[in-house]
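Spelled out from the first residue to the last, the chains are:
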Amino acid sequence: MKIFVTGATGFVGSAVVRALLNAGHEVVGLARSDGAARSLSAAGAKVHQGDLQDLESLRKGAAESEGVIHTGFVHDFSKFKENCELDRKVINALGFTLAGSNRPLIITSAIGVLPAGQIVTEDTRPLSPSANPRAATEEAVRALMDRGVCVSIVRLSPSTHGEGDHGFVPILIKLAREKKSSAYIGEGKNTWPAVHRLDAAQVFKLALEKNTRGGIYHAVAEGGVESRKIAEVIGQLLGVPVVSKPPEEAAAHFAWFAHFAAMNIKASSKQTQEKLGWHWSQPGLIADLQSTYFK
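Residues numbered from 1 in each chain as written. Predicted model: local features only at pLDDT ≥ 70, side-chain atom pairs only at ≥ 80, totals over all residues. Heavy atoms only, no water.

Chemist: Help me get a handle on the overall build of the chain, residues and values and all.
Modeler: What the chain contains, in helices and strands, is twelve helices and 14 strands. Over its C-alpha trace the chain gives a radius of gyration of 19 Å, about what one expects of a compact globule, namely 19 Å for 295 residues. With the C-alpha coordinates of the chain rotated into their principal frame, the extents come out at 55 × 40 × 35 Å. For the chain, buried positions account for 51% of its 295 residues. For the chain, the proportion of contacts with a sequence separation of at least 24, taken over those separated by at least 6, is 78%. (Helix = DSSP H or I, 4+ residues; strand = E, 2+ residues; numbered from the N terminus. Rg over C-alpha atoms; globule rule 2.2 N^0.38 Å. Buried < 20%, exposed > 50% of the residue type's maximum accessible area, 1.4 Å probe, protein only. Contact = heavy atoms within 4.5 Å.)

Chemist: Give a detailed account of the sheet that holds strand β4 (residues 67-70), specifying residues and quantitative values.
Modeler: Pairing is parallel across the open sheet formed by seven strands, whose spatial order is β3-β2-β1-β4-β5-β7-β11. Each end of this open sheet is capped by a strand with a single partner; those strands are β3 (46-49) and β11 (216-219). Across the sheet, the axes of successive neighbouring strands diverge by a mean angle of 25°, strand direction being ignored. Against the sheet, helix α4 (residues 80-98) makes contact with β1 (2-6), β4 and β5 (105-110), and its axis sits at roughly 170° relative to β4, the strand it touches most. (Pairing = 2+ DSSP bridges. Axes fitted to C-alpha atoms, helices over the stretch in contact; angles between N-to-C directions.)

Chemist: Residue-level account of the packing of aromatic side chains, with values.
Modeler: Per the stated rule, a full pass over the model turns up nine aromatic pairs. A centroid spacing of 6.4 Å and a plane angle of 65° characterise the contact between Phe73 and Phe80, whose relative ring orientation is edge-to-face. On the accessibility criterion, Phe73 (13% relative accessible area) is buried. Its relative accessible area of 23% is what places Phe80 among the partly exposed residues. A connected cluster of aromatic rings, assembled from ring pairs, spans Phe168, Trp192, Trp256, Phe257 and Phe260. Sitting over the face of the ring of Phe73, Arg134 holds its NZ or CZ atom 4.3 Å from the ring centroid. (Phe/Tyr/Trp six-rings, centres within 6.5 Å; stacked < 30°, edge-to-face > 60°. Lys NZ or Arg CZ within 6 Å of the ring centre and 35° of its normal.)

Chemist: Any chance you could break down the nonpolar core for me, citing the residues and the numbers?
Modeler: Leu172, Trp192, Ile230, Ile234, Phe254, Phe257 and Leu289 are the most contacted members of the largest nonpolar core, which has 33 residues in total. Elements with a contribution of two residues or more to this core: α6 (168-179), β9 (182-185), β10 (191-196), α8 (227-238), α9 (250-254), α10 (258-261) and α12 (285-291). Looking at this core element by element, the count peaks at seven residues for α6. The residues touching Leu172, leaving out its near neighbours within four places in the chain, are Trp192, Ile230, Ile234, Phe254 and Phe257. (Core = buried A, V, L, I, M, F, W, Y, C linked by side-chain atoms within 4.5 Å.)

Chemist: With reference to specific residues and values, describe the pattern of salt bridges.
Modeler: Per the counting criterion, the structure on display carries eleven salt bridges. Here Lys205 and Glu209 are joined by a salt bridge, their closest N and O atoms 3.0 Å apart. Within this pair, Lys205 and its partner Glu209 are both found in helix α7 (residues 197-210), separated by four residues, close to a single helical turn. Connected via shared salt-bridge partners are Glu85, Arg88 and Glu139. (Salt bridge = Lys/Arg side-chain N within 4 Å of Asp/Glu carboxyl O.)

Chemist: Run through the pairing of β10, naming residues and quoting values.
Modeler: The element β10 is largely enclosed, with a buried count of six among its six residues. The alternating pattern of β10 places Thr191, Pro193 and Val195 on one face and Trp192, Ala194 and His196 on the opposite face, and all of these are buried. Relative to β10, strand β8 (residues 159-161) runs parallel, the two sharing three bridges. Along β10, the bridge assignment pairs His161 with His196. Pairing analysis gives three bridges linking β10 to strand β12 (residues 222-226), with the strands arranged antiparallel. Counted as the bridge partner of Trp192 is Val225 from β12.

Chemist: Break down the environment of Arg197 for me, citing the residues and quoting the values.
Modeler: Checked against the element boundaries, Arg197 lands in helix α7. A relative accessible area of 9% places Arg197 in the buried class. The sequence separation of Arg197 and Thr160 amounts to 37 residues, and the corresponding C-alpha distance is 5.7 Å.

Chemist: Hey, could you go over α8 for me, with residue numbers and the actual values?
Modeler: End to end, α8 covers 16 Å across twelve residues, agreeing with the expected 16 Å (1.5 Å per residue, within 8%). For α8, the set of buried residues is Ser227, Ile230, Ala231, Val233, Ile234 and Gly235. Contact partners of the buried residues in α8: α6, β9, β10, β12, β13 (242-245) and α12. Phi turns positive one or two residues past the end of α8, at Gly239, with a value near 70°. (Expected span 1.5 Å × (residues − 1).)

Written out as C-alpha cells, the structure is:
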C-alpha cells in the first residue's frame, strides 16, 4: 500500500516509517524542512512537502494515498491547548479527504487522556467534557466515525521510550541533574504505562493492515511502572540522592512538569494483543533507561 505519514521524521513516526518499509509498503512522509526531506529519502521513503499548519498539503497527501497514519503533533506545551485544537483540524482535513472510501486513517492519541483511578482499556473513553485539551483528538475521531470514515486510534503510553527520546524520562533526568537529586512524589507508587518506540510502531502497522472501522488500540507493553523505581535508577546512574517530595512541594521541584510527574495511570493492551496479534519484543522502560539513556 502507498501510505502517507505525518510526523514521519519524529520519534515515533520515524519508527513507523521503518516498520512500514520493512513490511513492503510504499511510504510518503510529510516534511516541513530540507533536513526532514533528506532524512526521509535516506530511509527509503518519498517526500511530501508541507506541515501540520498547511491543511491543503495534508489533503493532497491523503488524496494521493491508499492509507494515512497521523503521528504528527506540535509538542509546544506553552501552547498546548492551541496545538490540540490544531490536531482536531488536521484530523478533520485528513478524514474528510478519505470519507466515502475504505482507505484506513490511523490517528495517534494518548493513554494520559483517559480517566485516572482505574485500569484503562481500549473500551475506556475520555471524560466528556474533559479538562484535558488533548481530548480534542478523540472527539475529532469520534465525529469521523459517525460519518463512516474508516478511522482507528492508537493510544501511546505516557512513556514511549527508546533512543532519541525527548519525552518524560529525559525531562526527569534533566531535572535530576539541575536539582542535584532524583525525586518522586509521596510514596512514588503512581505509575506510568510504557512501551518502546519500535514496539509502538508495530501497533500502527498492524492497525493499518487490519483496517477495522472504529478500532481502538493501546501501544502498552508495561501497564504501569512506578515513579519511585524510575527515580531510583536515575539517581543511581547520575550519582545523586533519591528523594520523596510531598505533594505540596512537587511544583517547586518539578515546575511545569509536576502534573505529569504525579500522573497515575494503569493501562491494559489485552484487546490490542488479541485483535492485532501484537506483542512487544523490545526492552522495558527500566532496562532501556539503564542501557540507552546514559550512553
